[in-house]
Amino acid sequence: MKINYKNADGKIIELEVSEEVGTFYLESIEAEKKNDRKNSRRDRHTQLSTFEYEDVRYFSDGTDLLADLIDSEVIGQAMSCLNERQQYLLRKCLLEGWSYTDLAALEGKDESAIRHAVDRAKKKLRNFLD
């Protein structure tokens, strides 16, 4: 079997080799091409988790930022304009992630009543902050 081989100088040399060596050589070239394609595809699609961030804004110390915001002085003053029921509803919906349906089932009320009460509390809060 004859194969073309590129030597270190870049010259292409035609070599006579056994069938076994020639097959091995051709398979290894094909495997190298596949590996190069695979690596280039992997390099184009790098997961974000592999990057390192140095800026402190990208780190989480495990604190609940929304809870900290709710407890902040400005929001605390704004929340004080709401009655206890409105504060309770906003905390359940915004902080704890309860759905209107779940709250309605808990309180034995209609889902639309809970939704309207939460909307009124949000509107009152917005008006206070404006």
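Throughout what follows, the structure given in this document is the object of discussion. (Residues numbered from 1 in each chain as written. Predicted model: local features only at pLDDT ≥ 70, side-chain atom pairs only at ≥ 80, totals over all residues. Heavy atoms only, no water.)

**Some thoughts on the overall build of the protein chain**
The number of helices and strands found in the protein chain is six helices and two strands. Each helix (α) and strand (β) of the protein chain, taken in turn from the N terminus, gives the series β-β-α-α-α-α-α-α. Sequence-distant contacts, at least 24 apart, represent 33% of the contacts inside the protein chain between residues at least 6 apart. (Helix = DSSP H or I, 4+ residues; strand = E, 2+ residues; numbered from the N terminus. Contact = heavy atoms within 4.5 Å.)

**Quick word on the pairing of strand β2 (residues 12-16)**
Where burial is concerned, little of β2 is hidden: zero out of the five residues are buried. Direction of pairing for strand β1 (residues 2-6) relative to β2: antiparallel, over a ladder of five bridges. Pairing of Y5 across the sheet is with I13, part of β2. Counting the residues between successive antiparallel strands, the hairpin from β1 to β2 contains five residues, one of them, G10, with a positive phi of roughly 95 degrees. (Buried < 20%, exposed > 50% of the residue type's maximum accessible area, 1.4 Å probe, protein only. Pairing = 2+ DSSP bridges.)

**Comments concerning the packing of helix α5 (residues 100-107) against helix α6 (residues 111-129)**
Between α5 and α6, the shortest axis-to-axis distance is 8 Å and the interhelical angle comes to 115 degrees. In terms of their interaxial angle, α5 and α6 are classed as roughly perpendicular. For the pair α5 and α6, the sense of crossing is right-handed. Contacts between α5 and α6 involve Y100, T101, L103, A104 and E107 from the former and E111, I114, R115, V118, D119 and K122 from the latter. (Axes fitted to C-alpha atoms, helices over the stretch in contact; angles between N-to-C directions. Parallel < 35°, antiparallel > 145°, perpendicular 65-115°, else oblique. Left-handed = near helix turned anticlockwise from the far one by under 90°.)

**Topic: the nonpolar core**
Residues M79, L89, L90, I114, V118 and L125 are the most contacted members of the largest nonpolar core, which totals 14 residues. Contributions of two or more residues to this core are made by α3 (73-79), α4 (84-95), α5 and α6. When residues no more than four places from it in sequence are discounted, the contact partners of M79 are Q87, L90, R91 and L125. (Core = buried A, V, L, I, M, F, W, Y, C linked by side-chain atoms within 4.5 Å.)

**Re α4**
Compared with the 16 Å implied by 1.5 Å per residue over 12 residues, the 16 Å span of α4 between its first and last C-alpha is a close match. Along α4, the residues classified as buried are Q86, L89, L90, K92 and C93. What you see down the axis of α4 is that its buried residues fit within an arc of 165 degrees, all on one side. In this fold, the buried residues of α4 make contact with α3, α5 and α6. The N-cap residue of α4 is N83: its side-chain oxygen and the backbone nitrogen of R85 are 3.1 Å apart. (Expected span 1.5 Å × (residues − 1). Arc of directions from axis to C-beta. Polar contact = N/O pair within 3.5 Å; in protein donor to acceptor, adjacent residues only side chain to side chain.)

**Some words on the pattern of salt bridges**
According to the stated counting rule, one finds four salt bridges in the structure shown. The salt bridge involving K92 is made with E96; its shortest N-O contact spans 3.0 Å. A salt bridge links R115 to E111; the shortest N-O distance between them is 3.3 Å. One end of the pair, R115, and the other, E111, are both in helix α6, four residues apart, so they sit about a helical turn from each other. Among the residues examined, R115 registers a relative accessible area of 29% and is labelled partly exposed. (Salt bridge = Lys/Arg side-chain N within 4 Å of Asp/Glu carboxyl O.)

**What to know about the side chain of K92**
Residue position: K92 is located in helix α4. Residue K92 is classed as buried on the basis of its relative accessible area, which comes to 15%. Reaching out from K92, the side chain makes a polar contact with the side chain of E96 at a distance of 3.0 Å. Setting aside residues up to four positions removed in sequence, K92 forms contacts with G97, W98 and L103.

Function-wise, these values are silent; they only describe arrangement.
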